[in-house]
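Here are the chains, one letter per residue:
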Amino acid sequence: SLRRRQRQMCIRDSHLLDRFCVKHSDIIWCVSRRIAEIKLQFTKDKQKVRVVPIGIELNKIKLENIKKRKRYVIVFVGHLDKSKGVQLAVEAMREVAKRYPEARLEIVGTGPYERELKKLVENLKLKHVKFLGVMSHDELMSYLPKCGIALATYLDDPNNITYYADPTKPKEYLACGLPVIITKVPWIADEIEKKPMGIAINYNKEELVNAIIRLLTDDEFYNICVKNAIVFTKNLSWNKIFRRALNYIEES
C-alpha cells in the first residue's frame with residue numbers, strides 16, 4: 001500500500017509538472033497525435049503544440065537485400081516482455097505451420113519474458129520458431145529486408161504506454177519494405193491499415209493466423225503493401241523531421 005501511495009504521488013506530481021511546462025513553454029513537441037491531444041487540453045494557444053514524430057536511420061537500411069527476401073520468414077524484433085505480445089505470435093505459428101510447413105518465426109531480442117517464451121515453444125513442440133538473440137542496429141537493418149512479414153503484436157492493455165507512444169520498430173519494418181501485422185494499439189496501426197502497408201488486427205490468435213496466411217498467399221496485396229511501406233517512410237529520416245520542426249519555429 002505504501003508503494004501504491006508513492007506511485008500515485010509520483011503520477012500526480014508528474015501531471016502537475018507537465019501542465020506547468022505546457023502552460024509556460026513557447027513550443028511543445030509531442031511524438032504522437034494522441035499525446036498532442038492531451039497537451040491541447042492544458043493550453044489556449046493551440047498552435048504551439050506540434051507533433052514531431054520519432055525518426056528512423058534510413059541510411060542504414062539495405063533495401064537491396066529485398067532481392068534475398070524469404071517471404072515465409074516472419075520476424076518479431078523487440079524487448080521480450082509480456083506487453084510486446086510476442087506470445088500470441090508463438091501460439092499462432094502452430095496453426096500457420098500446419099498449413100505452410102516452410103513458414104517460420106524468427107525472434108530478435110532478449111528480455112525478462114524470454115524464458116517463458118522458450119517454455120511455450122517447448123510445450124507446443126514448435127520447430128518453426130527460432131530465437132536469434134540480440135543484433136546490433138546495423139546488423140538488424142541488413143537482416144530485416146531479407147525477411148517476409150513483420151509483427152508488432154502489442155498487448156491490448158489499458159496500461160500499455162505504447163497506445164500513446166510512437167514506436168520505432170513498426171517504422172523500421174516498413175522502411176525495410178516489410179508488410180506489417182500490427183495490433184490496434186499504437187496510432188501507426190491506423191496508417192498501416194489505411195494505406196495499406198500490412199494488416200491491423202485485434203489481439204486475437206485467429207486474426208493473426210488469418211493475417212499471416214493472407215500475406216503469404218495474396219501476391220497482389222503483398223506487393224502493394226511493400227510499395228506503400230517504402231513510400232510512407234521516405235520522409236521519416238531524422239534530418240527531414242527536425243528540418244520541418246525547426247522551420248516551423250523560425251516561421252512562428
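Cut-offs applied
- Residues numbered from 1 in each chain as written.
- Predicted model: local features only at pLDDT ≥ 70, side-chain atom pairs only at ≥ 80, totals over all residues.
- Heavy atoms only, no water.
- Helix = DSSP H or I, 4+ residues; strand = E, 2+ residues; numbered from the N terminus.
- Rg over C-alpha atoms; globule rule 2.2 N^0.38 Å.
- Buried < 20%, exposed > 50% of the residue type's maximum accessible area, 1.4 Å probe, protein only.
- Contact = heavy atoms within 4.5 Å.
- Areas by Shrake-Rupley, 256 points an atom, 1.4 Å probe, with all protein chains shown as cover.
- Pairing = 2+ DSSP bridges.
- Axes fitted to C-alpha atoms, helices over the stretch in contact; angles between N-to-C directions.
- Salt bridge = Lys/Arg side-chain N within 4 Å of Asp/Glu carboxyl O.
- Patch = residues over 30% accessible without salt bridge, like charges linked within 9 Å, V, L, I, M, F, W, Y side chains within 5 Å.
- Lys, Arg positive; Asp, Glu negative; His and termini not counted.
- Charge placed at Lys NZ, Arg CZ, Asp CG, Glu CD.
- Parallel < 35°, antiparallel > 145°, perpendicular 65-115°, else oblique.
- Nonpolar A, V, L, I, M, F, W, Y, C, P; charged D, E, K, R; others polar.
- Arc of directions from axis to C-beta.

## Observations concerning the overall build of the chain
Looking only at helices and strands, the chain has 10 helices and eight strands in total. Whereas a compact globule of 252 residues would reach a radius of gyration of roughly 18 Å, the chain reaches 20 Å, a difference of no more than 12%. Taking the principal axes of the C-alpha coordinates as reference, the chain spans close to 60 × 50 × 30 Å. Going through the 252 residues of the chain one by one, you find that 44% of them count as buried. Long-range contacts, defined here as pairs at least 24 residues apart, represent 71% of the contacts in the chain between residues at least 6 apart. For the chain, the accessible surface area stands at approximately 14,200 Å², while carbon and sulfur atoms represent 51% of it.

## Focus on the sheet that holds strand β5 (residues 129–133)
Pairing in this open sheet of six strands is parallel, and the strands run β5-β4-β3-β6-β7-β8 from one edge to the other. Looking at strand neighbours, the two that pair on one side only are β5 and β8 (198–201), the edges of this open sheet. This sheet shows a mean twist of 20° between the axes of neighbouring strands, independent of strand direction. Across five bridges, the pairing between strand β3 (residues 73–77) and strand β4 (residues 104–108) is parallel. The residue bridging Val 75 from the neighbouring strand is Glu 106, located in β4.

## Comments concerning the pattern of salt bridges
According to the stated counting rule, one finds 13 salt bridges in the structure shown. Between Asp 166 and Lys 171 there is a salt bridge whose closest N-O contact spans 2.6 Å. Here Lys 169 and Glu 172 are joined by a salt bridge, their closest N and O atoms 3.2 Å apart. Separated by three residues within a single helix, Lys 169 and Glu 172 lie in helix α6 (residues 168–175), roughly one turn from each other. According to the relative accessible area criterion, Glu 172 is buried, its value standing at 5%. Each member of the salt-bridge network shares a partner with another, and the members are Glu 57, Lys 60 and Asp 138.

## Details of a positive patch on the surface
A grouping of Lys 68, Lys 70, Lys 130 and Lys 146 is seen on the molecular surface, where their side chains present a positively charged patch. Assignment of secondary structure puts Lys 68 in the loop between β2 (49–51) and β3. By relative accessible area, Lys 68 is classed as exposed at 53%.

## Quick notes on the packing of helix α3 (residues 86–99) against helix α4 (residues 114–123)
At their nearest, the axes of α3 and α4 sit 10 Å apart, and the two run at 10° to each other. In terms of axis orientation, α3 runs roughly parallel to α4. Residues Val 86, Gln 87, Val 90 and Glu 91 of α3 form the contact with α4, whose participating residues are Leu 117, Leu 120 and Val 121. For the contact of α3 with α4, a count of residues per class yields five nonpolar, one polar and one charged.

## Description of a nonpolar patch on the surface
Together, Trp 29, Trp 238, Phe 242, Leu 246 and Ile 249 make up an exposed nonpolar region whose accessible area comes to about 430 Å². Broken down by element, the nonpolar patch gets its largest block of residues, four residues, from helix α10 (residues 238–251). Among the secondary structure elements, Leu 246 is positioned in helix α10. Residue classification places Leu 246 among the partly exposed positions, given a relative accessible area of 41%.

## A closer look at α4
When α4 is considered as a whole, its buried residues turn out to be Glu 114, Leu 117 and Val 121. Take α4 and look down its axis: the buried residues cluster within an arc of 65°, on one side only. Exposed side chains of α4 directed beyond 90 degrees from the buried face belong to Arg 115, Glu 122 and Asn 123. Buried-residue contacts for α4 involve α3 and β5. Immediately downstream of α4, the backbone of Lys 125 shows phi near 55°, a positive value.

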